[in-house]
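Single-letter residue listing:
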Amino acid sequence: MKPQPIVLKVLNVASVLLFLAALGMVFLYAPLEATMNYVQKIFYFHVANAWVGMLGFIAAAVAGVVYLIKHDQKWDIVELAAVEISLVFFIIAIVTGSIWARPSWGAYWTWEPRLTTAAILEMVYIAYLLLRQGLDDPDRRARFSAVYTLIGAISVPITFMSIRLFRTIHPVVIGTNSTASQGNFDMTSKMLATMFFALFTFSVIFVNLFWHRIRLGQLAQQVEQLKLEELQ
């Protein structure tokens, strides 16, 4: 594998420093919420993980479109990297959301619209990975995967808009809050600043991990090509 570019090395350091700064803002700068107290702190990580997870699924769809146009395997690598990294972030978002839900709603999970669509979204992309495992031919696998990401991407806006389209107990973080939503809380300027800093931090972390995963994918592609040549 080629040595890491200088920009990637800088991203490695920046990711660590930004994460530490985000932790400091969450626990030292952002005020305690009157009702939920310390458990509300997980909100910042929950929203940030969900944000980059959805962003990554959209990036995978874009890479799928480019692959279908250019038929270049490097875009299949980018697509797979985006899905894998996004799956991890989105799982963390679901877990942290469940922890936050317990004191807010009295249950770790309830089949309300946002949680239901989020669970479906996660399963859609787990199925994507299973699909890839069942296809040995690289070109056929890349073609099927690209089409799948385009179809799967439909679930992203549905998940995002579910709390605005349906009656739900999930709070609307950005936009008009419904006073009927359990778990809603008014954010102060410090809370807003912390939330947006967390979004920025996790976006940088996502780019960093995404780049690393693409590099690993390129190495895996070289190994696969060598194996195919040996079989010929």
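Residues numbered from 1 in each chain as written. Predicted model: local features only at pLDDT ≥ 70, side-chain atom pairs only at ≥ 80, totals over all residues. Heavy atoms only, no water.

1. Considerations on the overall build of the protein
Part 1: Summing up its helical and strand segments, the protein has 7 helices and 0 strands in all.
Part 2: The 232 residues of the protein split such that 44% are buried.
Part 3: A separation threshold of at least 6 residues defines the contact pool for the protein, and within that pool the share at least 24 residues apart is 76%.
Part 4: Summed over all atoms, the accessible surface of the protein reaches about 12,600 Å², with 69% contributed by carbon and sulfur. (Helix = DSSP H or I, 4+ residues; strand = E, 2+ residues; numbered from the N terminus. Buried < 20%, exposed > 50% of the residue type's maximum accessible area, 1.4 Å probe, protein only. Contact = heavy atoms within 4.5 Å. Areas by Shrake-Rupley, 256 points an atom, 1.4 Å probe, with all protein chains shown as cover.)

2. Some details on the confidence of the model for the protein
Part 1: Averaged over all residues, the pLDDT of the protein equals 87, while 89% of them reach at least 70.
Part 2: Here residues 176-183 scores under 50 on pLDDT; set against residues more than four positions off or in separate chains, the count is 19 contacts. (pLDDT = per-residue confidence, 0-100.)

3. Looking at the side chain of glutamate 112
Part 1: Structurally, glutamate 112 is set in the loop between α3 (73-105) and α4 (113-133).
Part 2: Here leucine 115 takes part through its backbone nitrogen, which lies 2.7 Å from a polar atom of the side chain of glutamate 112. (Polar contact = N/O pair within 3.5 Å; in protein donor to acceptor, adjacent residues only side chain to side chain.)

4. Considering a nonpolar patch on the surface
Part 1: On the surface, a nonpolar cluster with roughly 620 Å² of combined accessible area is contributed by Val65, Ile69, Val147, Leu150, Ile151, Ile154 and Ile158.
Part 2: Among the secondary structure elements, those contributing two or more residues to the nonpolar patch are α2 (42-70) and α5 (138-152).
Part 3: Of all the elements, α5 adds the most residues to the nonpolar patch, at 3 residues.
Part 4: Structurally, the position occupied by valine 65 is in helix α2. (Patch = residues over 30% accessible without salt bridge, like charges linked within 9 Å, V, L, I, M, F, W, Y side chains within 5 Å. Salt bridge = Lys/Arg side-chain N within 4 Å of Asp/Glu carboxyl O.)

5. A closer look at the packing of α4 against α5
Part 1: Interhelical geometry of α4 versus α5 gives an angle of 170° and a closest axis separation of 10 Å. Comparing the axis directions of α4 and α5 gives the class roughly antiparallel. Of the residues in α5, those touching α4 at Val124, Tyr125, Ala127, Tyr128, Leu131 and Arg132 are Arg141, Phe144, Ser145, Tyr148, Thr149 and Gly152.
Part 2: Across the contact of α4 with α5, the residue classes tally to 7 nonpolar, 3 polar and 2 charged. (Axes fitted to C-alpha atoms, helices over the stretch in contact; angles between N-to-C directions. Parallel < 35°, antiparallel > 145°, perpendicular 65-115°, else oblique. Nonpolar A, V, L, I, M, F, W, Y, C, P; charged D, E, K, R; others polar.)

6. Let's talk about α4
Part 1: Here α4 contains 21 residues, and its C-alpha end-to-end distance of 31 Å stays within 8% of the 30 Å for a straight helix at 1.5 Å per residue.
Part 2: Against the buried residues of α4 lie α2, α3, α5 and α6 (155-165).
Part 3: For α4, the capping residue at the N-terminal end is glutamate 112, with a side-chain oxygen 3.1 Å from the backbone nitrogen of arginine 114. (Expected span 1.5 Å × (residues − 1).)

7. Details of the packing of aromatic side chains
Part 1: Across all of its chains, the model carries 11 aromatic pairs by this definition.
Part 2: Centroid distance phenylalanine 89 to phenylalanine 206: 6.0 Å. Interplanar angle 50°. Geometry classified as tilted. Taken as a pair, phenylalanine 89 in helix α3 and phenylalanine 206 in helix α7 (residues 189-231) lie far apart in primary sequence, 117 residues in all.
Part 3: For phenylalanine 89, a relative accessible area of 6% gives the class buried.
Part 4: Of the residues examined, phenylalanine 206 reaches a relative accessible area of 8% and is grouped as buried.
Part 5: Over the ring of tyrosine 108 we find arginine 102; its NZ or CZ atom is 5.7 Å from the centre of that ring. (Phe/Tyr/Trp six-rings, centres within 6.5 Å; stacked < 30°, edge-to-face > 60°. Lys NZ or Arg CZ within 6 Å of the ring centre and 35° of its normal.)

8. Here's the deal with α5
Part 1: Spanning 15 residues, α5 covers 20 Å between terminal C-alpha atoms, matching the ideal 21 Å at 1.5 Å per step.
Part 2: All of the buried residues along α5 are Pro138, Arg141, Ala142, Ser145, Ala146, Thr149 and Gly152. Projection of α5 onto a plane perpendicular to its axis shows the buried side chains occupying an angular sector of 130°, all on one side. (Arc of directions from axis to C-beta.)

9. Some points on the pattern of salt bridges
Part 1: Taken as a whole and assessed by the stated rule, the structure comprises 2 salt bridges.
Part 2: Across the salt bridge formed by aspartate 76 and arginine 132, the nearest N and O atoms sit 2.8 Å from each other. With aspartate 76 in helix α3 and arginine 132 in helix α4, the pair connects residues that are 56 residues apart, well separated along the chain.
Part 3: For aspartate 76, a relative accessible area of 4% gives the class buried.
Part 4: Notably, a salt bridge pairs arginine 213 with glutamate 84, separated by 2.4 Å at the nearest N-O pair. Within this pair, whereas arginine 213 is found in helix α7, its partner glutamate 84 is found in helix α3, the two being separated by 129 residues in sequence.

10. What to know about the packing of α4 against α6
Part 1: Between α4 and α6, whose axes approach to 8 Å, the crossing angle comes to 170°. Judged by the angle between their axes, α4 and α6 are roughly antiparallel. On α6, the residues that touch Pro113, Arg114, Thr117, Ala118, Leu121 and Tyr125 of α4 are Ser155, Val156, Ile158, Thr159, Phe160, Ser162, Ile163 and Arg164.

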